[in-house]
Amino acid sequence: MKKGIIHTINSILEGLSTTLKHFFAGKKYRNANGGVAKSNYFENHEGLVTIQYPKQKIPVPEVGRYQLHVEMDDCIVCDLCAKICPVDCIAIDSIKATEDIGITSDGTKKRLHATKFEIDMAKCMYCGLCTVVCPTECIIMTNEYDRSVPHVAQLNYVFAEMPPEEIEAKRIALLQFEEEKRKAKGL
């Protein structure tokens, strides 16, 4: 009985000493400058083992693959990104315009309306193929890696969505334009 009490007290004291060590070590934070690329990163034994996220962040490489972003003003709706995507996380629908609808920042003429442009980042495998094939470089990977969301549906990013009424109006205008073209040719 006496051994049991002594063992219990020793166990409590050992647990409290470990807790106090961690409590006081918590005032010293690991220096995250330079991140894992530093040669002495794993030799740093002072302070807490982990960084204090979100107060401290490890610097991310410039060429990292993180969240996708589409600059719709530069998108010509060519659909190459959706075709090359190995997991089909990019969904694009388009309607042909009756005339040029604008010019991208690199001087390419826009001839298609984007009725739908969505990327499901829950499916994305971050391969970066979509950014490579884009002729206008409108789809890029940002350096933002922390996109925590409570519902997986919030990982579906909508970059362009045209209302059904506008889609129908554009389809009717296109049909009328093509009909006028055929009549002008005498067909």
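For the structure, see preceding data.
As a starting point, this report considers the structure included with it. (Residues numbered from 1 in each chain as written. Predicted model: local features only at pLDDT ≥ 70, side-chain atom pairs only at ≥ 80, totals over all residues. Heavy atoms only, no water.)

**Some points on the overall build of the protein**
What counts is decided by this rule: Put simply, DSSP marks the helices as runs of H or I at least four residues long and the strands as runs of E at least two long, and each gets a number from the N terminus on. When a residue's accessible area, from a 1.4 Å probe over protein chains only, is under 20% of the maximum for its type it is buried; when over 50% it is exposed; and in between it is partly exposed. We call two residues in contact whenever any of their non-hydrogen atoms come within 4.5 Å of each other.
Of regular secondary structure, the protein possesses four helices and seven strands. Helices (α) and strands (β) of the protein occur, in sequence order from the N terminus, as α-β-α-β-β-β-β-α-β-β-α. Among the 187 residues that make up the protein, the fraction classed as buried is 26%. Sequence separation of 24 or more characterises 68% of the internal contacts of the protein that already satisfy a separation of 6 or more.

**Here's the deal with the sheet that holds strand β7 (residues 156–161)**
Defined as follows: One bridge is not enough; two strands pair if DSSP finds at least two bridges between them. To get an axis, a line is fitted to the C-alpha atoms, and for a helix only the part in contact is used. The angle between two axes follows their N-to-C directions and goes from 0 to 180 degrees.
Spatially, β2-β5-β7 is the arrangement adopted by the three strands of the open sheet, whose pairing is antiparallel. The sheet is open, and its two edges are formed by β2 (90–96) and β7, each paired on a single side. Taking each pair of neighbouring strands and ignoring which way they run, the sheet shows an average axis angle of 5°. The pairing of β2 with strand β5 (residues 112–120) spans seven bridges and is antiparallel. Each bridged residue has a counterpart across the sheet, and for Lys96 the counterpart in β5 is Leu112. Contacts between helix α4 (residues 164–185) and the sheet are confined to β2 and β5, with β2 contributing the most and set at about 45° to the helix.

**Observations concerning the pattern of salt bridges**
Heads up, the condition is: Salt bridges are counted wherever a side-chain nitrogen of Lys or Arg sits within 4 Å of a carboxyl oxygen of Asp or Glu.
Scanning all chains against the criterion turns up four salt bridges. Note that Lys170 and Glu166 form a salt bridge whose closest N and O atoms lie 4.0 Å from each other. One end of the pair is Lys170 and the other is Glu166, both in helix α4 and four residues apart, which spans about a single turn. With its nearest N and O atoms 3.0 Å apart, the salt bridge here joins Glu179 to Arg182. You can see Glu179 and its partner Arg182 sitting in helix α4, three residues apart, about one turn around the helix. On the basis of relative accessibility, which here comes to 35%, the residue Glu179 falls in the partly exposed class. Via salt bridges that share partners, Asp100, Lys109 and Arg111 belong to a single interconnected network.

**With respect to the side chain of Thr115**
Relative to the helices and strands, Thr115 is located in strand β5. Owing to a relative accessible area of 7%, Thr115 belongs among the buried residues under this scheme. In this structure, Thr115 is in contact with Asp93, Ser94, Ile95, Ala160, Glu161, Met162 and Ile167, ignoring residues within four places of it in sequence.

**Focus on α4**
The test is simple: Take the residue count of a helix, subtract one, and multiply by 1.5 Å to get its expected span.
End to end, α4 covers 32 Å across 22 residues, agreeing with the expected 32 Å (1.5 Å per residue, within 8%). Two residues or fewer past α4, Gly186 is found with a positive phi of approximately 85°.

**Describing the environment of Ala97**
Residue placement: Ala97 occurs in the loop between β2 and β3 (102–103). A residue is classified by how much of its surface remains accessible, and Ala97, at 10% relative accessible area, is buried. Separated by 77 residues in sequence, Ala97 and Leu174 place their C-alpha atoms 6.8 Å apart. The contact partners of Ala97, leaving out residues within four places of it in the chain, are Arg111, Leu112, His113 and Leu174.

**A closer look at the nonpolar core**
Test applied: Only buried residues count toward a nonpolar core, which is a set of Ala, Val, Leu, Ile, Met, Phe, Trp, Tyr and Cys residues joined through side-chain atoms within 4.5 Å.
Counting residues in each nonpolar core, the largest one holds 24 residues, and the members touching the most others are Leu68, Ile90, Phe117, Ile119 and Ile139. Put simply, the parts of the chain that give this core at least two residues each are β1 (68–70), α2 (80–84), β2, β5, β6 (139–141) and β7. Tallying contributions element by element places β5 first for this core, with three residues. Other than its neighbours up to four places away in sequence, Ile90 contacts Cys81, Ala82, Cys85, Phe117, Glu118, Ile119, Cys130 and Ile139.

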